[in-house]
Amino acid sequence: MLRTIFRRLTKALLWFAGGSVVLVLLFRFVPPPGTALMVERKVESWVDGEPIDLQRTWKPWDEISDDLKVAVMAGEDQKFPEHWGFDFSAIQAALAHNELGGSIRGASTLSQQVSKNLFLWSGRSYLRKGLEAWFTALIEVFWPKQRILEVYLNSVEWDDGVFGAEAAARHHFGVSAKSLTRQQASYLAAVLPNPRVWSASHPTAYVSRRAGWIRQQMSQLGGTSYLLGLDDSRRAPWSE
């Protein structure tokens, strides 16, 4: 009996591993039609009895503002070009901060956020975190950094039901994702920790200060020239 259960469990895990690899490889070249988070928001709206109109228009890399690409890295993950999906120094700092109590600080990289939003559900269970690590490793191995950032910018939520850079730019500023200014990009990046509470187009004093800090960080990173070496900055993990 135990041997049969073990055999079936092993087979199921192998099917899952193979299927997830195929899915990640497919999305390297094909725009994902939607995300798990979008499905979750739709289900929530049905349960709450409050209809929601999901907004999302996929835009390729060249049709998204370079300022937004740099602003998101400046605000969310400044080591994005260098790491392999996990920023261990940030994780250690977050754990030390959380042990002191008070507000909970996360340390998710852009790659981890792509994994969670695209494939998984919300929550903090060990199972979800384990699956997040698995998908993060897969996309870091099979996708170039440019593709990871492209998918992130087309998938992240920027208000209730507003997903991706194009929908966010239209919703908040009435422009296309390609036409976003440096200041508008900084405001969009500033609300990402809590986009359903904060607004890029109607910022609080805190959001405005955070947007100003992000613009400062963008300059220190080298502005849009920071994108030039996006796929050339990583060293192999075993070389460190």
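Residues numbered from 1 in each chain as written. Predicted model: local features only at pLDDT ≥ 70, side-chain atom pairs only at ≥ 80, totals over all residues. Heavy atoms only, no water.

J.: Mind showing me how you'd approach the UniProt feature "transmembrane region" (unreviewed entry) in the chain here?
T.: Per the UniProt annotation, the sites labelled "transmembrane region" (unreviewed entry) are residues 12-30. Secondary structure over residues 12-30 splits into 95% helix and 0% strand, and the C-alpha atoms at its two ends are 26 Å apart. (UniProt positions renumbered as here; feature names shortened; annotations may be inferred. Helix = DSSP H or I, 4+ residues; strand = E, 2+ residues; numbered from the N terminus.)

J.: It is not clear to me how the nonpolar core should be interpreted in this structure. Could you clarify?
T.: Within soluble globular proteins, side chains that are nonpolar tend to cluster in buried spots. Of all hydrophobic cores here, the largest spans 51 residues; its most connected members are Leu68, Val72, Trp143 and Trp158. Within the residue set of this core, elements represented by two or more residues are helix H1 (2-29), helix H3 (66-76), helix H5 (110-119), helix H6 (126-142), helix H7 (145-155), helix H8 (165-173), helix H9 (182-190) and helix H10 (205-221). By residue number, the principal contributor to this core is H3, which donates six residues. The contact partners of Leu68, leaving out residues within four places of it in the chain, are Leu153, Trp158, Ala165, Leu180, Ala185 and Leu188. (Core = buried A, V, L, I, M, F, W, Y, C linked by side-chain atoms within 4.5 Å. Buried < 20%, exposed > 50% of the residue type's maximum accessible area, 1.4 Å probe, protein only. Contact = heavy atoms within 4.5 Å.)

J.: How do you make sense of the packing of H3 against H9 when you look at a structure like this?
T.: Helix packing geometry: the angle between the two helix axes and the distance between the axes. Where H3 meets H9, the closest approach of the two axes is 8 Å, and the angle between their N-to-C directions is 35°. Judged by the sense of rotation from one axis to the other, the crossing of H3 with H9 is right-handed. Two secondary-structure elements touch here, H3 through Asp67, Leu68, Ala71 and Val72 and H9 through Arg182, Ala185, Ser186, Leu188 and Ala189. Looking at the contact of H3 with H9 residue by residue, the class counts come to six nonpolar, one polar and two charged. (Axes fitted to C-alpha atoms, helices over the stretch in contact; angles between N-to-C directions. Left-handed = near helix turned anticlockwise from the far one by under 90°. Nonpolar A, V, L, I, M, F, W, Y, C, P; charged D, E, K, R; others polar.)

J.: Can you help me understand a positive patch on the surface in this one?
T.: A cluster of basic residues, Arg3, Arg7, Arg8 and Lys11, forms a positive patch on the protein surface. Positionally, Lys11 belongs in helix H1. (Patch = residues over 30% accessible without salt bridge, like charges linked within 9 Å, V, L, I, M, F, W, Y side chains within 5 Å. Areas by Shrake-Rupley, 256 points an atom, 1.4 Å probe, with all protein chains shown as cover. Salt bridge = Lys/Arg side-chain N within 4 Å of Asp/Glu carboxyl O. Lys, Arg positive; Asp, Glu negative; His and termini not counted. Charge placed at Lys NZ, Arg CZ, Asp CG, Glu CD.)

J.: Is there a simple way to think about the pattern of salt bridges in this case?
T.: Oppositely charged side chains are able to pair whenever their charged atoms sit close together. Applying the stated criterion across every chain yields a total of 14 salt bridges. With its nearest N and O atoms 2.8 Å apart, the salt bridge here joins Arg147 to Glu150. In this pair, Arg147 and Glu150 are both assigned in helix H7, three residues apart and thus about one turn of the helix distant. Neither Arg147 nor Glu150 differs from the other in exposure class; each is buried. Taken together, the shared-partner salt bridges in this structure form one network comprising Arg41, Glu44, Glu157, Asp160 and Arg196.

J.: Mind showing me how you'd approach the packing of aromatic side chains here?
T.: Ring pairs (aromatic) are described by centroid distance and by the angle formed between their planes. Applying the stated criterion across every chain yields a total of four aromatic pairs. Each ring, one from Phe119 and one from Phe135, has its centre 4.4 Å from the other, and the planes form 10°; the classification is stacked. One end of the pair, Phe119, is in helix H5; the other, Phe135, is in helix H6, with 16 residues separating them in the sequence. One exposure class covers both Phe119 and Phe135, and it is buried. Three or more aromatic residues link up through ring pairs in this structure, and these residues are Phe16, Phe27, Phe119 and Phe135. Sitting above the plane of the Trp61 ring, Lys69 keeps its charged end 3.7 Å from the centroid. (Phe/Tyr/Trp six-rings, centres within 6.5 Å; stacked < 30°, edge-to-face > 60°. Lys NZ or Arg CZ within 6 Å of the ring centre and 35° of its normal.)

J.: It is not clear to me how the environment of Ser155 should be interpreted in this structure. Could you clarify?
T.: For Ser155, the location among the structural elements is in helix H7. The buried category is assigned to Ser155, whose relative accessible area is 4%. The spatial distance from the C-alpha of Ser155 to the C-alpha of Asn117 is 7.2 Å, given a sequence separation of 38 residues. Ignoring any residue separated from it by four or fewer positions in sequence, one finds Ser155 in contact with Thr35, Arg56, Phe163 and Gly164. A distance of 2.7 Å separates the side chain of Ser155 from the backbone oxygen of Val151, its partner in a polar contact. (Polar contact = N/O pair within 3.5 Å; in protein donor to acceptor, adjacent residues only side chain to side chain.)

J.: What should I look at first to understand H9 in this one?
T.: Residues lying three or four places apart along an α-helix face the same way, a consequence of the helix completing one turn every 3.6 residues. Burial within H9 is extensive, with seven of its nine residues counted as buried. Within the sequence span of H9, burial applies to Gln184, Ala185, Ser186, Tyr187, Leu188, Ala189 and Ala190.

J.: What exactly am I supposed to notice about a nonpolar patch on the surface here?
T.: The grouping of Leu23, Leu26, Phe29 and Val30 at the surface amounts to a nonpolar patch, some 370 Å² of accessible area in total. For Phe29, a relative accessible area of 63% gives the class exposed.

J.: How do you make sense of the packing of H1 against H6 when you look at a structure like this?
T.: For the pair H1 and H6, interaxial distance at closest approach is 10 Å and the crossing angle is 45°. For the element pair H1 / H6, the angle class is oblique. Two packed elements cross with a definite hand, and for H1 against H6 that hand is right-handed. Residues Phe16, Ala17, Ser20, Val21, Val24, Leu25 and Arg28 of H1 form the contact with H6, whose own contacting residues are Leu131, Trp134, Phe135, Leu138, Ile139 and Phe142. Across the contact of H1 with H6, the residue classes tally to eleven nonpolar, one polar and one charged. (Parallel < 35°, antiparallel > 145°, perpendicular 65-115°, else oblique.)

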